[in-house]
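Results of the structural survey
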Amino acid sequence: MSAFSNTISVLLIVIICAFISVGYKIREDKTKCPKVKALRNFDLNQMLGFWYVVQYYATSEEELIYKCMRAVFSMPTEGMEVEMNVTYSFIDDPDNDLLCGNITWRIPDPSQPAHWLHEEDTYEGVYNTFILDSDNKDWSLLLHCAEKPKSPRYLTSLIMSRNTTLPAGVISYLRDKLPRYDITLEYMFPMQQIECGDPTRNLHYAVPLAKHSKHSSRKHPFRHRGRRSKSNKRKEM
């Protein structure tokens, strides 16, 4: 058999194997959170304290509606629990009100402190939160996934920094980790951190929302909701 014939035979085998691989590929269940590999050498104590959100993604958003998002992490008890208090404003709010929300997770496996879990009976679902990467000092990458029976999963991702900005190389490095978790980078938006109010003053609690609050119909940044497009927004106005 000639060398040319051998080459053709090898190419045919490769093509056939490729078709078999595609045919047997298991479709991802997008009602479940993506599988996340445990982060090594993660120091939970270094995660505590004040963070600026420098980039933000949510399944429901095709344009950024928030600014000045900041988070404070703490461990309020001696048990394996983590609490986050978040403040933010709406970009189009002329009063520049600061809203505040919070969530508390438990750490289901002490050997994996970068995975946190929150469950609500009224929600009938669970919130899984993963620290995808962190330098245990200046920056971290968080993936938040809400699961609810018979509903698509809801993903949120935060690139966080101890300062209002991060070097472009660090942001690019962290963004490159997200597509494998079904994050569309087109909708991973920079977060404005200028002209922000003092997070210790003029707070309006977003959860639960007051019935007569001007923000009562506005979306909370971690609430499960279908994607809101620019065209849909115009129809609502």
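So, a few notes on the structure that sits alongside this text. (Residues numbered from 1 in each chain as written. Predicted model: local features only at pLDDT ≥ 70, side-chain atom pairs only at ≥ 80, totals over all residues. Heavy atoms only, no water.)

1. Let's talk about the overall build of the protein chain
Across its full length, the protein chain carries 4 helices and 10 strands. Here the protein chain, with 237 residues, has 42% of them falling under the buried criterion. Taking the contacts inside the protein chain whose residues are at least 6 apart along the sequence as the reference set, 60% of them involve residues at least 24 apart. Counting only carbon and sulfur atoms, one obtains 54% of the accessible surface of the protein chain, whose full area is about 13,900 Å². (Helix = DSSP H or I, 4+ residues; strand = E, 2+ residues; numbered from the N terminus. Buried < 20%, exposed > 50% of the residue type's maximum accessible area, 1.4 Å probe, protein only. Contact = heavy atoms within 4.5 Å. Areas by Shrake-Rupley, 256 points an atom, 1.4 Å probe, with all protein chains shown as cover.)

2. A look at the environment of Arg162
On the secondary structure map, Arg162 appears in the loop between strand S8 (154–161) and helix H3 (168–175). C-alpha separation for the pair Arg162 and Ser140, spaced 22 residues apart in sequence, amounts to 9.2 Å. Once residues lying within four places of it in the same chain are set aside, the contact partners of Arg162 are Gln46, Met47, Leu48, Gly49, Phe50, Trp51, Tyr52, Lys137 and Asp138.

3. As for the pattern of salt bridges
Pairing is possible between side chains of opposite charge, provided their charged atoms come close. In this structure the tally under the stated criterion is 4 salt bridges. Where Arg106 meets Glu119, a salt bridge forms, and the shortest distance between an N and an O atom there is 3.1 Å. Of this pair, Arg106 sits in strand S4 (residues 98–106) while Glu119 sits in strand S5 (residues 115–120), placing them 13 residues apart in sequence. On the basis of relative accessibility, which here comes to 47%, the residue Glu119 falls in the partly exposed class. (Salt bridge = Lys/Arg side-chain N within 4 Å of Asp/Glu carboxyl O.)

4. A short note on the packing of aromatic side chains
Within a pair of aromatic rings, the relevant descriptors are the distance that separates the centres and the angle that separates the planes. This model, assessed by the stated rule, comprises 10 aromatic pairs. With a centroid separation of 6.5 Å and an interplanar angle of 20°, the aromatic rings of Phe73 and Trp105 are classed as stacked. Of this pair, Phe73 sits in strand S2 (residues 66–74) while Trp105 is found in strand S4, placing the two residues 32 residues apart along the sequence. Judged by centre distance (5.0 Å) and plane angle (50°), the ring pair of Trp105 and Trp116 falls under tilted. On the criterion of sequence distance, the pair formed by Trp105 in strand S4 and Trp116 in strand S5 is long-range, its members being 11 residues apart. Through a chain of ring-to-ring contacts, the aromatic side chains of Tyr56, Tyr66, Tyr88 and Phe90 assemble into a single cluster. Taking the ring centre of Trp51 as reference, the NZ or CZ of Arg162 above it sits at 3.8 Å. (Phe/Tyr/Trp six-rings, centres within 6.5 Å; stacked < 30°, edge-to-face > 60°. Lys NZ or Arg CZ within 6 Å of the ring centre and 35° of its normal.)

5. Here's the deal with the state of the cysteines
By the definition in use, this model includes 2 disulfides. The partner cysteine of Cys33 in its disulfide is Cys145, sulfur to sulfur 2.1 Å. Between Cys33 and Cys145, the S-S torsion sits near -100°, and that sign places the bridge as left-handed. One end of the pair, Cys33, is in the loop between helix H1 (3–23) and helix H2 (44–47); the other, Cys145, is in strand S7 (residues 139–147), with 112 residues separating them in the sequence. Note on Cys33: relative accessible area 14%, which makes it buried. The exposure class assigned to Cys145 is buried, which follows from its relative accessible area of 0%. Ordinal numbering of bonded cysteines along the protein chain defines a disulfide pattern of 1-3, 2-4. (Disulfide = S-S within 2.5 Å.)

6. Notes on H3
Each α-helix winds once per 3.6 residues, and so residues spaced three or four apart point in a common direction. Residues of H3 that are buried include every one of Val170, Ile171, Leu174 and Arg175, and no others. Buried residues in H3, looked at end-on, bunch into an arc of 130°, giving them a common side. Within H3, the exposed residues directed more than 90 degrees away from the buried face are Ala168 and Gly169. Buried residues along H3 sit against strand S1 (49–58), strand S6 (125–134), S7 and S8. (Arc of directions from axis to C-beta.)

7. Let's talk about the environment of Asp29
As for its placement among the helices and strands, Asp29 is situated in the loop between H1 and H2. On a C-alpha basis, the gap between Asp29 and Arg153 in space is 9.3 Å, while along the polypeptide they are 124 residues apart. Of the polar contacts made by the side chain of Asp29, one reaches the side chain of Thr31; its length is 2.6 Å. (Polar contact = N/O pair within 3.5 Å; in protein donor to acceptor, adjacent residues only side chain to side chain.)

8. Description of unusual backbone geometry
The residue Cys68 is not glycine, and still its phi comes out positive at about 55°. Note on placement: Cys68 falls in strand S2. Residue class for Cys68 comes out buried when judged on its relative accessible area of 1%. For Asp182, which is not a glycine, the phi torsion comes out positive at approximately 70°. By the element assignment, Asp182 lies in the loop between H3 and strand S9 (189–190). Look at Asp182 and you get partly exposed, because its relative accessible area is 30%.

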